Amino acid sequence: MKYHIANNLYTEAIDEKKVRKLILKLRLKRPVKNLFVVTMPLYDVGIMEIYDCNELLQPFYRKKKQRLEILGISSTREGAKAVVASILEDAYDTLGTPDIRKFFNIGGAG
């Protein structure tokens, strides 16, 4: 599975220098302790999903051919939930709808 990290990546309680290091580890598919990622859903069911980034290193995900859109990161699951809420709020404020694909300019946006 290939990762695409959003240009306007949302974060929760992580400083900018650490964010860059975490993004590098994500791209290199290295294990990272206490990192949760907010993504577009893998199967187009729902609006967003939250994963412990180490879960994505499992063979089931590594063998997938699709690209995973990473929209936000956090050091806790609760923080990841706050990131989801921030993304939804910003999408509503900007577009008037919860169209996350359009908000992040991801292919297939209506």
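In this text, all values refer to a predicted model and were calculated from it rather than measured experimentally.

Q: Can you walk me through a nonpolar patch on the surface in this structure?
A: A cluster of nonpolar side chains, contributed by Tyr43, Val45 and Phe60, occupies part of the molecular surface with about 360 Å² of accessible area. Here Val45 shows up in the loop between β2 (36–39) and β3 (49–52). Taking the relative accessible area as the measure of exposure, Val45 reaches 63% and is therefore exposed.

Q: Explain the packing of aromatic side chains to me, please; I cannot follow it from the model alone.
A: For any pair of aromatic rings, the description consists of the separation of the ring centres together with the inter-plane angle of the planes. With the rule as written, the count across this model stands at four aromatic pairs. Ring centres of Tyr10 and Phe104 lie 6.1 Å apart, and the angle between their planes is 65 degrees; this geometry places the pair in the edge-to-face category. Here the residue Tyr10 occupies a position in strand β1 (residues 2–12), and Phe104 occupies one in the segment after α4 (100–103), the gap between them amounting to 94 residues. In this structure, Tyr10 and Phe104 share a single accessibility class: buried. Their ring planes at 85 degrees and their centres at 5.0 Å tell us that Phe60 and Tyr61 sit as a pair that is edge-to-face. Through a chain of ring-to-ring contacts, the aromatic side chains of Tyr10, Phe103 and Phe104 assemble into a single cluster.

The rules behind these values
By convention here, each chain's residues receive numbers from 1 onward along its written sequence. Predicted model: local features are reported for residues with pLDDT of at least 70 only, side-chain atom pairs are reported and counted for 80 or more only, and whole-chain, interface and lining totals are derived from all residues. The side-chain values count all of the structure's non-hydrogen atoms but skip hydrogen atoms and water molecules. A patch consists of residues whose relative accessible area exceeds 30% and which take part in no salt bridge; residues with like charges are grouped when within 9 Å of each other, and nonpolar side chains (Val, Leu, Ile, Met, Phe, Trp, Tyr) when within 5 Å. For accessible areas, the Shrake-Rupley method is used with a probe of radius 1.4 Å. Any residue's cover is judged against the shown protein chains and nothing else. Whenever a carboxyl oxygen of Asp or Glu lies within 4 Å of a side-chain nitrogen of Lys or Arg, that contact is scored as a salt bridge. Strands here are runs of E lasting at least two residues and helices are runs of H or I lasting at least four, both read from the DSSP assignment and numbered beginning at the N terminus. We call a residue buried when its accessible area falls under 20% of the maximum for its residue type, exposed when it is over 50%, and partly exposed in between, using a 1.4 Å probe and counting protein chains only. For Phe, Tyr and Trp, where Trp contributes only its six-membered ring, two rings pair if their centres lie within 6.5 Å, and the inter-plane angle classes them as stacked under 30 degrees, edge-to-face over 60, or tilted in between.

All we've got here are geometric facts, nothing functional implied.
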